[in-house]
Amino acid sequence: MMCFNKNSTMLVTKIPFLLIGSIVCASDYATSKHMLTTFDSSPENVSAIAGKTAILPCTVDLSNLDPTKEITWMSPKNILISIGDRRIIDDTRMSIERPQIPDWNLHIRELEPYDRGIYICSLNTRPMMTKNVYLEVYVTPIISSEKENTHQNLREGETANLTCNATGFPEPTITWYRVSEMDKEAIGRQGSYLMIHNITRYCGGTYTCHAFNGIGPAVSKVFSINVYFQPEVQVLNKRQQQDTGKETILQCEISASPQAIVNWRKGEHVFSANNYQRITPEIYKKDIYTTVLLLRIQNLTWSDFGEYVCEASNSLGKDLETMHLYPINGIHVTAKPASSISDSNTFIFNFSSGNGKVPFPSEVSPIVQIKLSKSTGLNYDDQEAEGTASTVHTQRLVIMVTVFLVTFHVRYL
């Protein structure tokens with residue numbers, strides 16, 4: 001027969017022949033049964049952000065147990081981390097912390113994504129008692145710092161390729177925006193790549209990609225696109241009138257990228273900015289691509305009337321537009337040698353008139369071109385204008401300038 005005294009010592013009085021070899025000590029099982037009330041074996045999930053500290057809990061009350069019983073921690077790679085409160089693994093980020101007597105918590109500092117996995121807290125009973133703790137490591141979004149495509153210079157018609165490589169856990173969602181001075185507009189496309197085919201000047205500017213996965217704030221990357229094109233010159237008023245002695249301003253707009261070299265000229269004379277001159281150009285920026293070029297003419301004289309040219313050029317090309325300045329009252333006369341005619345004694349005279357002294361209809365300002373030479377004498381050609389002058393009207397203008405032509409003929413021919 002068997003019995004136990006108060007010290008759990010087994011006493012054997014008589015051993016029947018059939019029990020020989022079958023005696024089993026039950027003390028380990030009794031210990032294990034007692035441990036069920038002191039070992040919290042329920043699995044747990046712990047989550048933390050990379051770079052922070054994770055605390056993996058394990059609670060075991062060993063105060064009334066055999067001192068040979070010890071707590072161990074194993075890593076997801078089955079590497080022994082600790083025995084009792086002694087760290088075994090060669091990783092100084094890990095330690096056993098015991099804020100309370102039953103606590104055998106595993107602390108992992110400066111978390112890395114590879115720390116993710118199942119950690120096992122165990123007690124060396126028979127059978128062994130274990131507790132599984134799953135560690136999830138979240139990673140805030142990180143966008144690649146590569147700069148090879150953050151600033152692009154493209155010509156109209158080419159394709160823009162923007163790349164935004166972002167990592168993190170969970171996987172970040174990438175959203176694209178176009179940024180203006182006042183606001184940002186969602187493009188409505190998600191993903192790591194943004195392609196703009198057949199790009200125009202209206203697609204240039206600043207773009208950003210935002211990466212967000214719910215862990216920490218969103219991160220972004222900025223892209224800049226410059227769209228290049230050759231100059232485009234536009235004269236808003238191609239026919240302009242003013243009285244002598246007055247002031248007038250000629251205006252043209254130039255769109256170009258990169259910025260163009262712009263100027264006003266009359267014939268071969270290019271006007272330069274000088275506050276002390278009677279005729280000065282002025283320039284200001286209208287928008288990112290458009291420049292407004294003014295030509296301010298003070299105290300108009302007869303020599304100021306005629307054709308003006310607004311021109312612009314950049315590395316991709318050039319463009320120009322012309323306009324005419326006419327007197328409101330009187331006749332404007334310009335003369336030049338006819339270089340296209342073989343007779344060197346032939347001159348071409350251009351006569352123009354506004355409303356006032358010459359009785360033309362108000363919507364018409366005719367231009368008459370008269371050729372004068374020794375051999376052919378006097379002839380004229382009515383040029384097209386914005387209106388249509390009748391033959392009678394043209395003849396009136398010719399009669400009024402006859403005196404001038406006769407004088408020129410006698411003096412120079």
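Quick caveat, the model's predicted, so the values are computed rather than measured.

A. Just the state of the cysteines, in detail. The final tally for this structure, using the stated rule, is three disulfides. Through a disulfide, cysteine 164 is tied to cysteine 209; the S-S separation comes to 2.0 Å. Note on the cysteine 164 and cysteine 209 pair: the S-S dihedral is about 70°, so by sign convention the disulfide is right-handed. On the criterion of sequence distance, the pair formed by cysteine 164 in the loop between β13 (160–163) and β14 (166–169) and cysteine 209 in strand β18 (residues 205–212) is long-range, its members being 45 residues apart.

B. Broad picture of the pattern of salt bridges. On inspection of all chains with the given rule, the structure shows 14 salt bridges. Where glutamate 321 meets lysine 238, a salt bridge forms, and the shortest distance between an N and an O atom there is 3.1 Å. Of this pair, glutamate 321 sits in strand β27 (residues 317–327) while lysine 238 sits in the loop between β19 (219–235) and β20 (239–242), and the two are 83 residues apart along the sequence. Since its relative accessible area comes to 22%, glutamate 321 is described here as partly exposed. You can call lysine 238 partly exposed: its relative accessible area is 43%.

C. Examining the environment of glutamine 298 more closely. By the secondary structure assignment, glutamine 298 is in the loop between β25 (290–297) and β26 (306–314). Given a relative accessible area of 34%, glutamine 298 falls into the partly exposed group. Residues glutamine 298 and threonine 280, 18 residues apart in the sequence, show an inter-C-alpha distance of 8.8 Å.

D. Molecular detail of the sheet that holds strand β22 (residues 261–266). The mixed open sheet is built from five strands, whose spatial order is β20-β27-β26-β22-β23. The open sheet has two edge strands, β20 and β23 (269–270), and neither has a second partner. Here β20 runs beside β27; their pairing, made up of four bridges, is parallel. Paired with glutamine 240 across the bridge in β27 is leucine 325.

E. Just the environment of leucine 194, in detail. Here leucine 194 lies in strand β17 (residues 193–196). Sequence separation of leucine 194 and cysteine 164 is 30 residues, and the distance between their C-alpha atoms is 8.4 Å. Contacts of leucine 194, omitting those with residues within four sequence positions, involve Ala160, Asn161, Leu162, Trp176, Ile187, Arg189 and Tyr207.

Parameters and conventions
- Residues numbered from 1 in each chain as written.
- Predicted model: local features only at pLDDT ≥ 70, side-chain atom pairs only at ≥ 80, totals over all residues.
- Heavy atoms only, no water.
- Disulfide = S-S within 2.5 Å.
- Helix = DSSP H or I, 4+ residues; strand = E, 2+ residues; numbered from the N terminus.
- Salt bridge = Lys/Arg side-chain N within 4 Å of Asp/Glu carboxyl O.
- Buried < 20%, exposed > 50% of the residue type's maximum accessible area, 1.4 Å probe, protein only.
- Pairing = 2+ DSSP bridges.
- Contact = heavy atoms within 4.5 Å.

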